[in-house]
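So you can see what is in the structure, the chains are spelled out below.
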Amino acid sequence: MSQQFGPDYVRAIAPYQAGKPIAEVAREFGLDEASIVKLASNENPFGVPESSRQAMAAAAAELGRYPDANGFELKAALAARYEVPADWITLGNGSNDILEIAAHAFVQAGQAVVYSQYSFAVYALATQGVGARAIVVPARDYGHDLDAMAAAIDADTRLVFIANPNNPTGTFIPAARIEAFLAQVPSSVVVVLDEAYNEYLAPEHQFESSQWVRKYPNLVVSRTFSKAYGLAGLRVGFAIGQPALTDLMNRIRQPFNVNSLAQAAAVAALNDRAFLAKGAANNAAGYRQLVAAFDEIGLEYVPSYGNFVLVKVGADEGAGARVNLALLKQGVIVRPVGAYGLPQWLRISIGLPEENAAFIAALKKALS
Ligand SMILES: *Cc1c(COP(=O)(O)O)cnc(C)c1O
């Protein structure tokens, strides 16, 4: 028998399955890269904001030096925007990094982490990575069942992950229900409220959850520049929490976890309200375009508050994989979610109108 390395809990981890890159699909299926439509990773169809491109060009001259380990300018900009002191902010190499840092900072092997069935895959990875026990609470209508999650917190629980809106299902929890949950959670349990899609919410659903961190010393609010801000490739996210939490997170994070270009681009994007508004408008119209097609075809979908829609493409367990393959052959990349326990479903990121139309046409062919 060959030598086994590492702890059991590391060997038990199922690696994260990322969306297929365009170049890989082009190679595999003999397609022209330019003809491929990628609606697989909830990326911003407008790409990088022009304001961020300019900021990066200016910052590139300094790449011979290490980044600002404390992210002074970005933290200052975030502190002003969210009306919290700068030392309440932790920067991350994407918000995935924030989720990992939180697991390492607040949980030790043998303790427990609570999260929902059908919630973001990284919660399981972060939990397993520290050798903690996962308490996975059954979803309700494909979203978080907060009452059941509160009840599931046991004496070993140190951390709860909540995604709002949730990925991959797109469900949304109104502010009043989250606050009722926070009021119930023991003060020794840290809650990470992961709001990666917050900027896509309609004004009537927007709530400045960063203000809850004043009231709840055990709350960390996590946000990202990967989605609405169009900077997924740069890897920059951030967390807001009280110093007792951020101090521990700061000890765990890598000193230079956010690179110089990412810091500069994020400051520019944060102040680019026009880019966010354009993205939100495109997203709302694209959502209507996709669900109108699903209604026409007669496909079930989960009403979504993010920049993607979960749609059921067949009744059998092989439906998601089969339709996904038929779409790939036509040069359309979406996300199969079998690994989430949703083998009949596909997650479609909302693109530009012409990308959505290409997907709809390919879907109709794939189903016929
Ligand atoms: C995309 C996503 C993230 C963040 O990804 P990063 O690129 O690492 O910032 C975090 N949480 C959820 C629920 C997501 O869907």
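These remarks concern the structure in this document.

Calculation rules
Residues numbered from 1 in each chain as written. Predicted model: local features only at pLDDT ≥ 70, side-chain atom pairs only at ≥ 80, totals over all residues. Heavy atoms only, no water. Helix = DSSP H or I, 4+ residues; strand = E, 2+ residues; numbered from the N terminus. Expected span 1.5 Å × (residues − 1). Buried < 20%, exposed > 50% of the residue type's maximum accessible area, 1.4 Å probe, protein only. Salt bridge = Lys/Arg side-chain N within 4 Å of Asp/Glu carboxyl O. Pairing = 2+ DSSP bridges.

As for helix α5 (residues 95-106)
Side chains three or four residues apart in an α-helix point the same way, a direct result of the helix having 3.6 residues per turn.
Move 1: Its 12 residues place the ends of α5 16 Å apart at the C-alpha level, agreeing with the 16 Å of an ideal helix rising 1.5 Å per residue.
Move 2: With 9 of its 12 residues buried, α5 lies for the most part within the structure.
Move 3: Burial in α5 covers these residues: S95, D97, I98, L99, I101, A102, A103, A105 and F106.

Focus on the pattern of salt bridges
Move 1: Taken as a whole, this structure holds 16 salt bridges when the rule is applied.
Move 2: Its salt-bridge partner being K215, residue E179 comes within 2.7 Å of it at the nearest N-O pair. Here E179 is found in helix α8 (residues 175-184), whereas its partner K215 is found in helix α9 (residues 212-215), with 36 residues between them in sequence.
Move 3: Among the ionic pairs, R322 bridges to D316, the shortest N-O distance being 3.0 Å.
Move 4: Through salt bridges with shared partners, one network takes in K20, E24 and E28.

Section: the sheet that holds strand β9 (residues 301-302)
Move 1: Pairing is antiparallel across the open sheet formed by 4 strands, whose spatial order is β9-β10-β13-β12. The open sheet has two free edges, formed respectively by β9 and β12 (335-336), since each of these has just one partner strand.
Move 2: Looking at chain direction, β12 and strand β13 (residues 345-349) are connected through 2 bridges and run antiparallel. Bridge assignment links P336 to a residue of β13, and that residue is L346.

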